[in-house]
Amino acid sequence: MEYQNRLCSHTSASQKQREWKPLEERSCTDIPWLIIFTLFCFGMAFIACFSVATGAGSRLISGYDSYGNTCGKNNNKIEGVELSGRDQTKNKYVFFLDPCNIDILNRKIRSMALCVSQCPDIELKTYDDVRRFALQNGSALCSYDIPLSKYKSHPELTTKCPKLPVPASKSLPIFNRCTPTDISCFTHFSTAAFVADNSTLQSVVAGVMASKEIIMGLCVLALVLSMILMVAIRYISVVLVWIITVLVVLVSIGGTGVLWWLYADHRMNLSDLTSTLTPQQQVATGNVQALLVYAIGATIFTVVLLLLMFFMRKRVALTIALFHVAGKVFIHLPLLTLQPFWTFLSLMLFWVSWLAVFLFLGTAGSPVQNEVTGLVEYRISGPLQYMVWYHAVGLIWISQFILACQQMTISGAVVTYYFTRNKSQLPLTPIISSMVRLARYHLGTVAKGSFIITLVEIPRLVLTYIHNQLKGKENACARCMLKACICCLWCLQKCLTYLNQNAYTATAINSTSFCTSARDAFAILVENALRVATINTVGDFVLFLGKVLVVSFTAFVGVLSLNYQRDYTVWVLPLLIVCLFAWLVAHCFLSVFEVVVDVLFLCFAVDTKHNDGSPGREFYMDKALMEFVEDSRKTAGQKRPEGVGDEREMKPMVS
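Residues numbered from 1 in each chain as written. Predicted model: local features only at pLDDT ≥ 70, side-chain atom pairs only at ≥ 80, totals over all residues. Heavy atoms only, no water.

This brings us to the side chain of Ser 84. Structurally, Ser 84 can be placed in the loop between helix 3 (56-62) and strand 1 (93-96). Here Val 81 takes part through its backbone oxygen, which lies 2.7 Å from a polar atom of the side chain of Ser 84. When near neighbours in sequence (up to four residues on either side) are disregarded, Ser 84 contacts Tyr 67, Asn 69, Lys 77 and Ile 78. (Helix = DSSP H or I, 4+ residues; strand = E, 2+ residues; numbered from the N terminus. Polar contact = N/O pair within 3.5 Å; in protein donor to acceptor, adjacent residues only side chain to side chain. Contact = heavy atoms within 4.5 Å.)

So, in structure tokens, the structure goes:
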């Protein structure tokens, strides 16, 4: 009996020791959360079906006039609206009396709308031209209650007839709205965008149109550069990291020296002045005191920085090794470079469908007559308001779910790579295998992790919206509190996102639930806090410089290319478009690289915690990481373990 107890205790202890190992046989995790997320998606589908079934789609596509009539169909009478219920079968286009009167804040055109049979294709300068156009084409451009004979003498011409001159317009391909053909109509937008005058706006737009081929080519160049950088960074990481380290130290020491020199110089000049305090001397005294404070603060910062650099110099070597191994990962797993494409495509498809349903919901309300203008507007009321909020939460949760699926897929593939000693025995497509494991076992974990991010992001977005709406109205204290809350929520979201990423990696290793994985990952991160800090600071700065490199090179090639384009003189907007796209592309690709480095670090931490390189407890790590461990042991005076281990070797994920 005592032998059985010892055997059971030894077995339980062995199970605890074998906790961190990649499992071959997996089980489904966080099933209740998968059920909740599935029910939530059914709710989103119900809202989509309801918004389309209520007939709001016809109002969205065909448009409606200011009296509640849908263009292109026979309408029912709206109680209390005299000009509603008209047969607009022949009038298929929406015409705005003043299309340039744009409310930028509320993002809508502040103008009466009418259903017409034809958009004016020429400029109409007088009401005689408007009347002549109506007689020739049968398309009346004034309100329905104004007869053609009163187009010159009606007392409400300024409110119920188009503003002169009426610009030439044409209908949009799908949405039948008459849109002015001349871009100069939208000078309000140019004002909002800080464009000084109309001619500048026209020249900028002309520049974009004339250089569209160059812009497309430069965007492709940015894409290629980002993909090359992901692989090439393994070769330049050593030089790049140490250059950054030296530059930071030199700048800190140099800045501190300059501050002390300025303080000494100002103090000497102050001692040469007379003893009588003048306003000028008071300002000089304040400057000397401020320089002293700055110099002391810079000195403290430099000393702390130098101490950190000294004690963390070995951990900088770990960052270099991880970057080197990450480059190898992309060589062995080339499909990782396609992850941003699939994620972007999934997000775009979801966002387009979400926006379509949102627009359907926006026109699915009940017609309400405005008490001031007497015009009809469709407003959401009752249960529809809750549908809109439900739909808004769905935008955040499902978007975070898609991003989390990418993180889990990358984690699973990198874990497979790390814990497979013989890289020739890797699965044919580790990315596809990781996707299959995600879909089969871990969708619930991803749903739970993305929901936690959603819980933090919703109040942050609400507070941001309130802050924007109350600009200039709230007092300084309220503004400061709002900004502080928004900043705290943003920091919390970033911390949770990082913890979620490591929790997904722990799930990919152990097939444990989200909470268990997050707890285990957090414990590992706390044990390696200095290493985490080094990787997140040095590594993030290196990746930031990589993004700057892609943008700078793309902009340089853009300047050389646009120099041969003589059709226009304004280069600002084409270069801004190219640089923005280059930054977004570099961010997407290098974010994948960052995730790979984080996953490799957690695998490395688990590997060094449960293995020591002795027989039976061999490391799984790459040669570059092995060299880092050996150098650390030599520095610490430790010997390599010899002898037979306790056979706690972790199993690889692949069979």
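This part is about the packing of helix 2 (residues 31-53) against helix 12 (residues 383-418). Between helix 2 and helix 12, the least distance of the axes is 10 Å, while the angle of their chain directions is 130°. Between helix 2 and helix 12, the interaxial angle falls into the category oblique. Crossing hand, helix 2 versus helix 12: left-handed. Contact with helix 2, carried on its side by Ile 36, Phe 37, Leu 39, Phe 40, Cys 41, Gly 43, Met 44, Phe 46, Ile 47 and Phe 50, involves Leu 384, Met 387, Tyr 390, His 391, Val 393, Gly 394, Trp 397, Ile 398 and Phe 401 of helix 12 and no other residues of that element. (Axes fitted to C-alpha atoms, helices over the stretch in contact; angles between N-to-C directions. Parallel < 35°, antiparallel > 145°, perpendicular 65-115°, else oblique. Left-handed = near helix turned anticlockwise from the far one by under 90°.)

Burial of strand 4 (residues 113-116) is two-sided: the residues Ala 113 and Cys 115 facing one way and the residues Leu 114 and Val 116 facing the other way are all buried. Two strands pair when backbone bridges link them, and strand 1 and strand 4 are joined in this way by 4 bridges, in the antiparallel orientation. What sits directly across from Tyr 93, in strand 4, is Val 116. (Buried < 20%, exposed > 50% of the residue type's maximum accessible area, 1.4 Å probe, protein only. Pairing = 2+ DSSP bridges.)

It is worth spelling out the layout of surface pockets at this point. Space left empty within the atom packing is revealed by a probe, the size of a water molecule, rolled over the atoms. Of the voids in this model, the second largest pocket is the one considered here, and its volume is about 1,700 Å³. What lines the second largest pocket is a set of 46 residues, among which Leu 403, Gln 406, Gln 407, His 587 and Ser 591 lie closest to the centre. Sorting the residues of the lining of the second largest pocket by element identifies helix 11 (339-362), helix 12, helix 13 (430-469), helix 14 (476-510), helix 16 (529-562) and helix 17 (572-610) as the ones contributing at least two each. In terms of residue count, helix 17 provides more of the lining of the second largest pocket than any other element does, 11 residues in total. Tallied by class, the residues present in the lining of the second largest pocket amount to 26 nonpolar, 14 polar and 6 charged. (1 Å grid on protein atoms, 1.4 Å probe; cavity = no way out; pocket = protein on both sides within 12 Å on 5 of 7 lines; lining within 4 Å. Points joined across faces, edges and corners; volume = space filled by probe spheres on them. Nonpolar A, V, L, I, M, F, W, Y, C, P; charged D, E, K, R; others polar.)

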